[in-house]
Amino acid sequence: MRKLFLLAISCLFSLAAQAQVDSVRATTLPPAQQAEKLYNSGVAKYNSKSYRAALQDFDKALAARPDFAKAYYNRATTRYELKEYQQAIQDYDQALRLEPSFTSYFGRAQAREALGQRDEAQQDYTKTTETKADYAPAWYYRGALRFEKGEYQAARADFDQAIKVDPSYAYAYHDRASASRQLGNYQAAIQDYSKAYSLQPDLLPALLNRAATKRRAGDLKGALADYNEYVQKKTDNPIAYTNRGSTRYEAGDYRGAVEDFSKAVELDAKYSFAWNNRAAAYLKLEDYQKAAADATKAIALNPQYAEAYLNRGHAREMLREADGACQDWRKAAELGLEVGATHAANSGCGAE
């Protein structure tokens, strides 16, 4: 076989040398065959993430065959990757006109969601579920949209369906947990966060959210265990340190709380919430100078921060700065924190 193969090549070279036979070029192929070849080239370039080159091939394929539904679909997908969402929608429209499919409904939903067209996206996710009921991502993404709209019961129902279709769908467990938490069902939320985390150990938000849910349910010890595990795995999240600090504060560990709030502001010096929380912890430790300084920093970062004015008012009161304390309490009340007015009245603050 090998010898025959070599002989065949030798004959071809001979013919080429005599210039008696032209090679077949792509431009001489029948349009449908040429479109298929260009389409396959576009798919290969898309898979290698050469999106602009892939787009050119799909353009040429459609020029050769204007009714090529798969080429419209893949050009739409390519345009989505290039963030050309409106053009992607137009191509999905053409693909659906020629050959309706759940993939085109889902792709158009994703493009519409990227453009902020949430109602239209939800309609397309619904159409996807009607076209292919066992496609878990359609249920999941519709659930996520419903969650964002505050429709927690409906969102949970969609996440239920996603999990029914795909029992290993970690994100669906995670978001069903969040819906349950919003509905006040903390134990169900904790179970689903645990399931999501067991299915995907790198899904650290599940650990962080489980901690927050345990804290809300009054399980401070369990919450601290989760926060400790989280910060061992991810050391650069100021929110995690702030939340652990708040849990320590609630547990009466004010020095531990100060340590965590300090770590949070070290990671993000503009995190006004952490500055104010550290001020509250310093108040508990009776370090009023530091409390006033931290509250002042929080106010500088967020001049509308009512709680920071309240805390600075308490610190100033203890530092014998009565006028400053009264001003801060009044400001807190002006910003909507009624307890500020109560403190001002109880401390004998006169009218300004």
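Residues numbered from 1 in each chain as written. Predicted model: local features only at pLDDT ≥ 70, side-chain atom pairs only at ≥ 80, totals over all residues. Heavy atoms only, no water.

Some points on the overall build of the protein
Note the cut-off: A run of DSSP states H or I qualifies as a helix once it reaches four residues; a run of E qualifies as a strand once it reaches two. Both are numbered from the N-terminal end. Relative accessibility thresholds used throughout: buried, under 20% of the residue-type maximum; exposed, over 50%; partly exposed, between the two (1.4 Å probe, protein chains only). Contacts were defined at the residue level, with two residues in contact if any of their heavy atoms lie within 4.5 Å. His is not counted, nor are the chain ends, whereas Lys and Arg count as positive and Asp and Glu as negative. Lys charges are placed at NZ, Arg charges at CZ, Asp charges at CG and Glu charges at CD.
The helix and strand tally for the protein stands at 20 helices and 0 strands. Dimensions of the protein, computed from C-alpha atoms along their principal axes, come out at roughly 110 × 45 × 45 Å. Across the 352 residues in the protein, those meeting the buried criterion constitute 44%. Counting contacts in the protein only where the partners sit at least 6 residues apart, residues at least 24 apart contribute 43% of the total. Of the side chains in the protein, 48 bear a positive and 45 a negative charge, and the two mean positions are spaced by 6 Å.

Remarks on the nonpolar core
Using the following cut-off: Working definition of a nonpolar core: buried Ala, Val, Leu, Ile, Met, Phe, Trp, Tyr and Cys residues. They are joined through side-chain atoms within 4.5 Å.
Membership of the largest hydrophobic core comes to 44 residues, with the highest contact counts inside it found for Tyr140, Ala162, Tyr169, Ala172, Tyr230 and Trp329. Per-element tally for this core: the top contributor is helix H12 (residues 204-216), with 5 residues. Among residues more than four places away in sequence, those in contact with Trp329 are Leu310, Gly313, His314, Glu317, Gly340, Ala341, His343, Ala344, Ser347 and Cys349. By size, the runner-up hydrophobic cluster in this structure holds 11 residues, among which are Ala35, Ala61, Ala71 and Tyr72.

Details of the pattern of salt bridges
Note the following rule: Here a salt bridge means any side-chain nitrogen of Lys or Arg lying within 4 Å of a carboxyl oxygen belonging to Asp or Glu.
Enumeration according to the criterion identifies 32 salt bridges in this entry. For Asp192, the salt bridge identified is with Arg176, shortest N-O distance 2.7 Å. One end of the pair, Asp192, is in helix H11 (residues 186-199); the other, Arg176, is in helix H10 (residues 170-182), and 16 residues separate them in sequence. The residue Lys233 makes a salt bridge to Glu229 at a minimum N-O spacing of 3.7 Å. In this pair, Lys233 and Glu229 both sit in helix H13 (residues 220-233), 4 residues apart, roughly one turn of the helix. One network of salt bridges, with partners in common, ties together Arg52, Asp59, Arg75, Arg79, Glu84 and Asp91.

Looking at the state of the cysteines
We count it as follows: Defined by distance alone, a disulfide is two cysteine sulfur atoms within 2.5 Å.
Taken as a whole, this structure holds 1 disulfide when the rule is applied. Residue Cys326 pairs covalently with Cys349 via a disulfide, S to S 1.9 Å. One quick way to see it: the torsion about the S-S bond of Cys326 and Cys349 is about -80 degrees, and its sign makes the bridge left-handed. Of the two residues, Cys326 sits in helix H19 (residues 322-334) while Cys349 sits in the segment after helix H20 (339-346), which places them 23 residues apart along the sequence. The class for Cys349 is buried, based on a relative accessible area of 17%.

Details of the environment of Ala293
Within the secondary structure, Ala293 is located in helix H17 (residues 288-301). Considering only alpha carbons, one finds Ala293 and Tyr80, 213 residues apart in sequence, at a separation of 49 Å.

Description of the side chain of Arg210
If you trace the backbone, Arg210 turns up in helix H12. When near neighbours in sequence (up to four residues on either side) are disregarded, Arg210 contacts Ile190, Tyr193, Ser194 and Asp226.

Describing the confidence of the model for the protein
Spelled out, the test is: For every residue, the pLDDT score states the predictor's confidence, bounded by 0 at the bottom and 100 at the top.
Chain-level pLDDT for the protein is 91 on average; 91% of the residues reach the 70-or-more range. In this model, residues 1-26 is a region of pLDDT below 50 whose contacts with residues beyond four sequence positions or in other chains number 4 contacts.

Considering the environment of Leu203
Positionally, Leu203 belongs in the loop between H11 and H12. Here Leu203 is in contact with Ala170, Tyr171, His174, Ala196 and Tyr197, once residues within four sequence places are set aside.

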